[in-house]
Amino acid sequence: MPAPTAAQQVVTSPDPAATRELGRRLGVVARAGDLVALYGELGAGKTQLVKGVAAGLGVVDTVSSPSFVLMGEYEGRVPLFHLDLYRLDGPADVIGGGLLDERQVIGLTIIEWAERLGASIPRDRLDVSIDGTGDAPRTIRLRTTSAAYARYLEAVR
C-alpha cells in the first residue's frame, strides 16, 4: 500500500473575523471522530479559529480558551472537544490526565499546542499552523496526509 500523499492549502487571513470565517468553513465539513491539531505562537489566533469552527458546528455557547481548564466541551451538530495543552509538559500529562479518551470518537477534537503530544499524536488528522501575531495578517497552513481529511482543504479553496 503506498504512503499517503500530503496535501496542503495556504490561506492569508487579514483579521480575526476572517480567521473565524475560515474556522466556520472547517466546522461545516467536520465529522465525528475528526482531529484538528493547531500550531502557532501565543496570540496567533488559534482560539479565534476554534470560535469559527464552533459556529460552523452550530455551537451556541461562548467558546473561550481552555488554558486553565484544559478542555472545553460544547454541544453542536457533533460535540466539540477543545483542548489547550499549553500548560502541559508532554504526552504523559495529556493521556494520564484523561484528556484524550474514547469520548472523542463522537465529536470533533481540536487541540491547541498539539506539539505537546509529540509522537503520540494520531497520524490521521488536519494540521493547522498559524503564523503571525499582533495586528499583522496571518498565514494559515492547512495540511493533511489522509484522504479522509481532504474535505477540509476543499472547504477553504
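Since this is a predicted model, take the numbers as computed values, not measurements. (Residues numbered from 1 in each chain as written. Predicted model: local features only at pLDDT ≥ 70, side-chain atom pairs only at ≥ 80, totals over all residues. Heavy atoms only, no water.)

A. Highlighting the overall build of the protein. Check the secondary structure of the protein and you find four helices and seven strands. For the protein, the succession of helices and strands along the chain, N to C, is β-α-β-α-β-β-α-β-β-β-α. Expressed as a percentage of the 157 residues in the protein, the buried residues total 46%. Counting contacts in the protein only where the partners sit at least 6 residues apart, residues at least 24 apart contribute 68% of the total. (Helix = DSSP H or I, 4+ residues; strand = E, 2+ residues; numbered from the N terminus. Buried < 20%, exposed > 50% of the residue type's maximum accessible area, 1.4 Å probe, protein only. Contact = heavy atoms within 4.5 Å.)

B. Seen up close, the environment of Leu83. One can find Leu83 in strand β4 (residues 80-84). Residue classification places Leu83 among the buried residues on the basis of a relative accessible area of 0%.

C. Structural detail: the confidence of the model for the protein. Overall, the predicted model of the protein reaches an average pLDDT of 85, with 82% of residues at or above 70. Looking over the protein, one finds the lowest element-wise mean pLDDT in helix α3 (residues 91-96), namely 51, and the highest in helix α1 (residues 16-29), namely 98. (pLDDT = per-residue confidence, 0-100.)

D. Summary view of the environment of Asp135. When you line up the elements, Asp135 lands in the loop between β6 (126-131) and β7 (138-144). A sequence separation of 121 residues divides Asp135 from Pro14, and the C-alpha atoms of the two residues are 8.6 Å apart.

E. Looking closely at the pairing of strand β2 (residues 35-39). Taking burial as the measure, the five residues of β2 include five buried ones, the bulk of the element. Residues of β2 alternate between two faces, with Leu35, Ala37 and Tyr39 on one and Val36 and Leu38 on the opposite face, all of them buried. By the bridge criterion, four bridges tie β2 to strand β5 (residues 108-112) in an arrangement that is parallel. Bridging from a neighbouring strand, Leu38 pairs with Glu112 of β5. In this structure, β2 lies alongside β6, joined through four bridges in parallel fashion. (Pairing = 2+ DSSP bridges.)

F. Summary view of the nonpolar core. Core analysis: the biggest nonpolar cluster contains 39 residues, and Leu57, Leu80, Leu108, Ile110, Leu126, Val128 and Leu142 have the highest contact counts within it. Residue assignment for this core shows that the elements contributing at least two residues are α1, β2, α2 (46-57), β4, β5, β6, β7 and α4 (150-155). Beyond its immediate sequence surroundings of up to four residues, Leu142 is in contact with Ala7, Gln8, Gln9, Val11, Leu26, Leu126, Asp127, Val128, Leu153 and Val156. (Core = buried A, V, L, I, M, F, W, Y, C linked by side-chain atoms within 4.5 Å.)

G. Layout of the packing of aromatic side chains. All told, the structure shown has one aromatic pair when counted by the stated rule. Judged by centre distance (5.8 Å) and plane angle (20°), the rings of Tyr149 and Tyr152 are stacked. Across the pair, Tyr152 and Tyr149 agree in class, each one buried. The ring of Tyr149 has Arg151 sitting right over it, with the charged end atom 5.9 Å from the ring centre. (Phe/Tyr/Trp six-rings, centres within 6.5 Å; stacked < 30°, edge-to-face > 60°. Lys NZ or Arg CZ within 6 Å of the ring centre and 35° of its normal.)

H. A look at α1. Across its 14 residues, α1 extends 21 Å between first and last C-alpha, which sits within 8% of the 20 Å expected from 1.5 Å per residue. Within the span of α1, buried status applies to Thr19, Leu22, Gly23, Leu26 and Gly27. Around the axis of α1, the buried residues are gathered within 145° of arc, so they sit on the same side. Here the buried face of α1 lies against β1 (7-13), α2, β7 and α4. Regarding α1, its N-cap is Asp15, as a side-chain oxygen of that residue lies 3.2 Å from the backbone nitrogen of Ala17 further along. (Expected span 1.5 Å × (residues − 1). Arc of directions from axis to C-beta. Polar contact = N/O pair within 3.5 Å; in protein donor to acceptor, adjacent residues only side chain to side chain.)

I. Main features of the pattern of salt bridges. Evaluation of the coordinates by the stated rule reveals five salt bridges. For Glu21, the salt bridge is made with Arg24, and the minimal N-O distance between the two is 2.8 Å. Within this pair, Glu21 and its partner Arg24 are both found in helix α1, separated by three residues, close to a single helical turn. What makes Glu21 partly exposed here is its relative accessible area of 35%. Here Asp127 makes a salt bridge to Arg125, at a shortest N to O gap of 2.6 Å. Classification of Asp127 by relative accessible area gives buried; the value is 13%. Among the residues examined, Arg125 registers a relative accessible area of 16% and is labelled buried. (Salt bridge = Lys/Arg side-chain N within 4 Å of Asp/Glu carboxyl O.)

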